[in-house]
Amino acid sequence: MSKSIAFLKFRSLLEQEIRTFWHVIASLEYAERWLSSASPTKLTAHPGDNRYPFKAIDISTHEFLSEQMQVSSHIRENALVSFVTAFECYLAELLERLIYLKPSLVADSDLQIPAKDLAEAVPTADIKRWLAAKVTDKYLRNKTHAAMISRLDTFCKAGVSKSMAADIEEWSRWSLVRNSIVHTSRQVTPELSKSWAARFPAAGDPVVLVNKELARIHHLALKIAEAIDVRAVSTVIHKRDELLIARELFIQRGISEANVLKATLGGVMRVTVTRIDLQKMLADQRRGKQPDGWALSMRDLANMVA
């Protein structure tokens with residue numbers, strides 16, 4: 001199935017985050033093994049290690065090793081925050097893209113935009129992009145993830161809120177864990193304790209996670225995002241994100257052969273664009289005709305397409 005740009009970016013970011021988590025946890029294990037065998041009295045005492053980062057906090061090997069459990073705990077908590085934040089960014093970017101491609105989605109909205117904001121935006125901005133960003137912010141600001149998903153359900157007729165109700169309820173609880181970590185110095189909030197008493201029974205207790213829970217959160221994020229994305233692509237986006245990525249490959253990397261563009265796209269998703277679609281896109285781009293004003297940064301493209 002074709003994928004949205006928002007999903008491809010999200011999947012790449014989530015992969016980077018879980019690999020970073022794995023790398024640090026593995027490094028802590030290796031550090032403990034090495035220090036236990038080398039046994040320097042202090043980190044800086046080992047030949048060649050009287051330098052940054054070792055001397056930034058010049059402590060004994062014993063003290064360094066005694067902090068391993070606390071560091072592991074913080075790494076798990078930070079990873080959860082990164083996973084949940086990445087998912088939130090995915091929802092926002094996808095909604096903005098949907099509104100950009102099909103502004104009529106908000107035709108019956110009663111949102112009010114001050115004339116001052118419009119006056120400032122019209123002379124300088126891509127008004128469609130500005131409107132999409134503005135409406136997305138108003139729809140999603142301070143909303144729960146369940147409410148965000150419900151909004152996307154409405155726009156792309158996804159039905160995810162109903163078909164994946166149990167998964168979304170679990171995800172919402174993990175979102176509350178994120179809030180506890182970020183807003184209350186890694187302590188269980190009353191809201192989290194009330195919502196998930198079986199897992200976090202007492203408000204004020206420290207948040208304690210285990211490695212397998214990080215794997216579960218990663219899996220859950222991808223599962224829900226994939227379900228939303230299928231409907232977003234089939235109802236609104238269609239081939240347009242594939243064509244946009246192909247256009248950016250032409251602009252940024254100079255790939256100008258339709259068959260090469262199609263093969264490159266095929267490395268990241270099941271391709272639905274045809275060779276004729278790609279040839280037309282290339283012809284339009286060469287003539288300066290650009291019906292899709294959305295653009296990708298070099299970093300975004302690199303994250304999506306190796």
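Check the entry above for the structure.
Residues numbered from 1 in each chain as written. Predicted model: local features only at pLDDT ≥ 70, side-chain atom pairs only at ≥ 80, totals over all residues. Heavy atoms only, no water.

A. Main features of the state of the cysteines. Under the criterion given, the structure shown has zero disulfides. Cysteine C89 shares no disulfide, and the gap to the nearest cysteine sulfur, in C156, comes to 18 Å. Overall, C156 belongs to the buried group, its relative accessible area being 0%. (Disulfide = S-S within 2.5 Å. Buried < 20%, exposed > 50% of the residue type's maximum accessible area, 1.4 Å probe, protein only.)

B. Structural context of the packing of aromatic side chains. The tally for this structure, following the rule as stated, stands at ten aromatic pairs. Considering the side-chain rings of F10 and F87, the 6.0 Å spacing of their centres and the 70 degrees angle between planes classify their relative orientation as edge-to-face. In this pair, F10 is assigned in helix α1 (residues 5-38) and F87 in helix α3 (residues 68-101), connecting sequence segments 77 residues apart. Each member of the pair, F10 as well as F87, carries the same accessibility label: buried. Geometrically, the ring pair formed by Y139 and F155 is edge-to-face, given 5.8 Å between the ring centres and 65 degrees between the ring planes. Of the two residues, Y139 is situated in helix α5 (residues 127-140) and F155 in helix α6 (residues 145-156); the sequence distance between them amounts to 16 residues. Each of the two residues, Y139 as well as F155, counts as buried. Through a chain of ring-to-ring contacts, the aromatic side chains of F7, F10, F87, Y90 and W171 assemble into a single cluster. (Phe/Tyr/Trp six-rings, centres within 6.5 Å; stacked < 30°, edge-to-face > 60°. Helix = DSSP H or I, 4+ residues; strand = E, 2+ residues; numbered from the N terminus.)

C. Here's a closer look at the pattern of salt bridges. In the structure shown here, the tally under the stated rule is 18 salt bridges. Between E77 and R186 there is a salt bridge whose closest N-O contact spans 2.6 Å. Of this pair, E77 sits in helix α3 while R186 sits in the loop between α8 (165-183) and α9 (190-195), placing them 109 residues apart in sequence. Given a relative accessible area of 2%, E77 falls into the buried group. A relative accessible area of 21% means that R186 is categorised as partly exposed. Measuring nitrogen to oxygen at the nearest pair gives 2.8 Å for the salt bridge that ties R97 to D241. (Salt bridge = Lys/Arg side-chain N within 4 Å of Asp/Glu carboxyl O.)

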